[in-house]
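Take a look at the letters that make up each chain.
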Amino acid sequence: NAGVTQTPKFRILKIGQSMTLQCTQDMNHNYMYWYRQDPGMGLKLIYYSVGAGITDKGEVPNGYNVSRSTTEDFPLRLELAAPSQTSVYFCAGHWDDTGELFFGEGSRLTVL
Amino acid sequence: QKEVEQDPGPLSVPEGAIVSLNCTYSNSAFQYFMWYRQYSRKGPELLMYTYSSGNKEDGRFTAQVDKSSKYISLFIRDSQPSDSATYLCAMRGLTGGGNKLTFGTGTQLKVEL
């Protein structure tokens, strides 16, 4: 199994551009999450999904959108990128009855 | 006040030392407590997982939870250079609807030869 795979690993965006961070998993996770990690701030939850077709906002959803059309894929969309969205983004997933989150390796985004 | 407080470090120790990492929290609803290890430029990986108060040991690692003091600890015995990483505490309550964890900011540990 590849686990949780994120692409791209690195990206530089200009202010106002849009992009999608891809996340796919082959572990049959029902639950999937997007976090952002900023220095000294820990991991903050952006959006999460409890299954295909169901998504909900986390702690810091503004400026982002998600979709979950299949169990495997959970892309994160950034519209009108802003410098405040410069961060490292992590996708994670888990099964129904476990507390263990499996993380991807992260996508490092810089908005200039 | 943050829900979870964690000293960011960095913490530097010699090889073989006993390391103590700690988090305090304010939300009495937290019941599940975890420690994640994150190597540089990698995603976090689960190290220890405990429910409610008590101790849990796994090899060189021991996790302690004191719910009365709202204080959790991770001890690393005989620390090795390969333990150099950032350690994140995480916790959540009993409610369903997903595993929405609250993370500490992480403590950066360096174990030196």
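Everything quoted here is computed from the prediction, not taken from an experiment.

K.L.:
I would appreciate a short explanation of the overall build of chain B in the present structure.
P.N.:
Within chain B one finds 0 helices and 11 strands. If you list the helices and strands of chain B from N to C, you get β-β-β-β-β-β-β-β-β-β-β. Its C-alpha atoms give chain B a radius of gyration of 14 Å, near enough to 13 Å, the size a compact globule of 113 residues would have. C-alpha atoms of chain B, sized along the principal axes, occupy 45 × 30 × 25 Å. The buried share of chain B, reckoned over its 113 residues, is 44%. When the accessible surface of chain B is split by element, carbon and sulfur atoms take 48% of a total near 5,500 Å². Across chain B, 12 positive and 11 negative side-chain charges occur, with their mean positions spaced 8 Å apart.

K.L.:
Just to check I follow, could you spell out the pairing of strand β9 (residues 85-92) of chain B for this structure?
P.N.:
Along a regular strand, successive side chains alternate from one face of the sheet to the other. Residue and element names in this part refer to chain B. Most of β9 sits out of view: 7 of its 8 residues are buried. Relative to strand β11 (residues 107-112), β9 runs antiparallel, the two being bridged by 3 bridges. In the strand pairing of β11, Ala-85 is matched with Leu-109. Here β9 runs beside strand β10 (residues 102-103); their pairing, made up of 2 bridges, is antiparallel. Its bridge partner being in β10, Ala-90 is matched across the sheet by Phe-103.

K.L.:
For this particular structure, what's the right way to read the pattern of salt bridges?
P.N.:
For side chains of opposite charge, pairing can occur when their charged atoms come near one another. All names here are of chain A. Applying the stated criterion across every chain yields a total of 7 salt bridges over all chains. For the salt bridge of Glu-59 with Lys-44, the shortest nitrogen-to-oxygen distance reads 3.7 Å. In this pair, Glu-59 is assigned in the loop between β6 (54-57) and β7 (64-66) and Lys-44 in strand β5 (residues 42-51), connecting sequence segments 15 residues apart. For Glu-59, a relative accessible area of 54% translates into the label exposed.

K.L.:
For this particular structure, what's the right way to read the interface of chain A and chain B?
P.N.:
Interface size is often expressed as the accessible area that is lost when the parts come together. Facing the 22 residues of chain A at the interface are 20 residues of chain B. When the two sides are added together, the surface that chain A and chain B hide from each other amounts to roughly 1,600 Å², 55% of it contributed by carbon and sulfur. Our enumeration of links across chain A and chain B arrives at 1 salt bridge. A salt bridge links B:Lys42 to A:Glu105; its shortest N-O distance comes to 3.3 Å. Connecting chain A to chain B are 3 residue pairs in polar contact (both at pLDDT 80 or more). Of the residues forming the side of chain A that touches chain B, the biggest block, 5 residues, is contributed by β5(A). Across the side of chain A that touches chain B, the residue classes tally to 12 nonpolar, 7 polar and 3 charged.

The rules behind the values
Residues numbered from 1 in each chain as written. Chains lettered and ligands numbered in written order. Predicted model: local features only at pLDDT ≥ 70, side-chain atom pairs only at ≥ 80, totals over all residues. Heavy atoms only, no water. Helix = DSSP H or I, 4+ residues; strand = E, 2+ residues; numbered from the N terminus. Rg over C-alpha atoms; globule rule 2.2 N^0.38 Å. Buried < 20%, exposed > 50% of the residue type's maximum accessible area, 1.4 Å probe, protein only. Areas by Shrake-Rupley, 256 points an atom, 1.4 Å probe, with all protein chains shown as cover. Lys, Arg positive; Asp, Glu negative; His and termini not counted. Charge placed at Lys NZ, Arg CZ, Asp CG, Glu CD. Pairing = 2+ DSSP bridges. Salt bridge = Lys/Arg side-chain N within 4 Å of Asp/Glu carboxyl O. Contact = heavy atoms within 4.5 Å. Buried area = accessible area lost by both parts, 1.4 Å probe. Polar contact = N/O pair within 3.5 Å; in protein donor to acceptor, adjacent residues only side chain to side chain. Nonpolar A, V, L, I, M, F, W, Y, C, P; charged D, E, K, R; others polar.

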